[in-house]
Amino acid sequence: MLNGLSLIMDSFGAAIVVPVVLFVLNLIMKVPGKKAFQSALNAGIGLTGFNLLVGAYTPIVTPVVQRMVATTGVNLNILDTGWQATSIVAYSTQVGMIFLGLGLLIQVLLFVLKFTDVFFPSDLWNNYSYMLWGSMLYVVTGNVWLSIGLMVLINVYTMVFAEGLSRRWSTYYGYPRTTIVASHALGSFPLAVVMNHILNKLGADKVKWDTETLQKRLGALGEPTTIGFILGLLLGLAGNVTRLDTLEGWGESFTVGIATATVMAVFPKIADIFASAFKTLTDASKGSAKSDDEDKRVWYLAINDAAGYGEPATILTSLLLIPIIIILAIVLPGNQALPLVDLVALPYMMQVIVSISNGNIFKSLISGTLYLVSGLYLVTVVAPIFTEVALSVGVNLPEGAVLIFSLTVLTNMLGGLLFLVFMTQNTYLIGLSVILFIALYIVFKKNKEDFLLYLEEQAK
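Our subject in this report is the structure included herewith. In this text the structure is predicted, and so the values were computed from the model without any measurement. (Residues numbered from 1 in each chain as written. Predicted model: local features only at pLDDT ≥ 70, side-chain atom pairs only at ≥ 80, totals over all residues. Heavy atoms only, no water.)

**Comments concerning the overall build of the chain**
Within the chain, the secondary structure is distributed over 20 helices and six strands. Expressed along its principal axes, the backbone C-alpha trace of the chain runs to roughly 70 × 55 × 45 Å. When each of the 460 residues of the chain is scored for burial, the buried share is 57%. Carbon and sulfur atoms make up 68% of the accessible area of the chain, which totals about 18,900 Å². Taking the 25 positively charged and 27 negatively charged side chains of the chain as two groups, their mean positions are separated by 10 Å. (Helix = DSSP H or I, 4+ residues; strand = E, 2+ residues; numbered from the N terminus. Buried < 20%, exposed > 50% of the residue type's maximum accessible area, 1.4 Å probe, protein only. Areas by Shrake-Rupley, 256 points an atom, 1.4 Å probe, with all protein chains shown as cover. Lys, Arg positive; Asp, Glu negative; His and termini not counted. Charge placed at Lys NZ, Arg CZ, Asp CG, Glu CD.)

**Let's talk about the environment of Val156**
Structurally, the position occupied by Val156 is in helix H7 (residues 144-173). A relative accessible area of 9% means that Val156 is categorised as buried. Sequence separation between Val156 and Ile98 is 58 residues; the distance between their C-alpha atoms is 17 Å. Excluding anything up to four places from it in sequence, Val156 contacts Leu110, Phe115 and Phe437. (Contact = heavy atoms within 4.5 Å.)

**Observations concerning the packing of aromatic side chains**
Evaluation of the coordinates by the stated rule reveals 21 aromatic pairs. An angle of 75° between the planes, with centres 5.0 Å apart, marks the rings of Phe111 and Phe119 as edge-to-face. One exposure class covers both Phe111 and Phe119, and it is buried. Measuring from ring centre to ring centre gives 6.1 Å for Phe189 and Phe451, while their planes differ by 70°; the resulting arrangement is edge-to-face. Placement of the pair is Phe189 in helix H9 (residues 189-201) and Phe451 in helix H20 (residues 448-458), with a sequence separation of 262 residues. Taken together, the aromatic side chains of Phe115, Tyr157, Phe161, Phe189, Phe437, Tyr441, Phe444, Phe451 and Tyr454 make up a single cluster linked through ring pairs. (Phe/Tyr/Trp six-rings, centres within 6.5 Å; stacked < 30°, edge-to-face > 60°.)

**Digging into the nonpolar core**
The tendency in soluble globular proteins is for nonpolar side chains to be buried side by side. Ranked by size, the top nonpolar core spans 143 residues in total, and within it Phe50, Met136, Tyr175, Phe274, Ile322, Phe386 and Leu410 carry the most contacts. The element that contributes the greatest number of residues to this core is H7, accounting for 16 residues. (Core = buried A, V, L, I, M, F, W, Y, C linked by side-chain atoms within 4.5 Å.)

**A look at the side chain of Asn155**
Residue position: Asn155 is located in helix H7. With residues near it in sequence (within four places) discarded, Asn155 still touches Phe99, Gln107, Phe120 and Tyr130.

**Side note on the sheet that holds strand E3 (residues 178-179)**
With parallel pairing, the three strands of this open sheet are ordered in space as E2-E4-E3. Taken across any chain shown, the strands that pair with only one partner, and hence form the sheet edges, are strand E2 (118-119) and E3. Relative to strand E4 (residues 300-302), E2 runs parallel, the two being bridged by two bridges. If you follow Phe119 over to E4, its bridge partner there is Leu301. (Pairing = 2+ DSSP bridges.)

**Points about the packing of H7 against helix H19 (residues 427-446)**
Two elements in contact, H7 and H19, have axes whose closest approach is 11 Å; the angle formed by their N-to-C orientations is 25°. On the basis of the axis angle, H7 is roughly parallel to H19. Handedness of the crossing formed by H7 with H19: left-handed. Within the contact between the two elements, H7 uses Leu146, Leu153, Val156, Tyr157, Val160, Phe161, Glu163 and Gly164 and H19 uses Ile430, Ser433, Val434, Leu436, Phe437, Leu440, Tyr441, Phe444 and Lys445. (Axes fitted to C-alpha atoms, helices over the stretch in contact; angles between N-to-C directions. Parallel < 35°, antiparallel > 145°, perpendicular 65-115°, else oblique. Left-handed = near helix turned anticlockwise from the far one by under 90°.)

What follows is the structure in structure tokens.
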């Protein structure tokens, strides 16, 4: 049964699963069949458009980033091979596959029981984030129940983070009643909230590095497409610094610039189609709430984080972070991790931070840098275990690599810290992590509306 569920996910993917879930939910909300179908179709078109755009952009940027890293001449022994290796590990272990079915059951049940107001199963693919940590713990301890407990605990913590982010993410990215739920993206949520508050207190909110302000101040040079072109070109030149005496080097640099500008231009058009898919459900929910005063539940549908990849402030922040994190990886004392393949996945990782800062690139760069630095140290600790698991399921090490990691997934501070706690097998520490969750959940639910309003106020 679990293999069948995995096969369904591999065969159809988010671009099919999300529209099907949306279609069913529309029908439940009594939306006419024709309107429900168009809504679902627009969701599928949007997700496919996002994936095509990212899929075309990634192979253009990746060689430049790899050449930039190679130019440094640094040979750190933990090499970033991308998030794909982590998904292979997650779906190749027995304990990971157990959670594939168990996680689906838990997520549906907790949504129905109103434990969470975010419908997680529509982004079932990203359960591999929990499955990875559970698989790693099983290799270390050989304890199935402990591994399952870790995955469940990471999942329920993520539910609180996702619900806390839901209104802010939906408002900023412009997708009604939707949010992201990938644990590796939400691992930055506590840091993002705290850092945004501190930076506002320090006056960083007065530094208006958002796309709207830049456009007003710089005129044509402040257009998102122009900024994207300039940053893409600079990234291309940095990656071709040893080839600037060749036409190929200059050609690749300008190609990266044009490709980045293209993402800036095309992404909003796809986003409009995708956003229209959820307006139908939002309108139906509002109508239902008006007609039934006893149930005014506001809930959010989980969607793939590709939906925020090309948003201007998100991708600009991520492009600026690429050289910053490469330099820091080289100079940080004790760090052994070298970011590489997943650098082009930074827009997935930065969405929580960017949305909480309301697109302020200055604040996002500071918070993003701090999160990535802490993530590199976490990776330095857990990479040996991940590499052991990866080798056991047939993942091959690239030439020159002693250990491997994924910048996107293994820098998840939520999953990583809980993994380290469970790895001790200390009953008191594990119990404390559970008690901490219970306290967090109670406090959040009691003050949920105040907290959501606080994030909106801090975003102004």
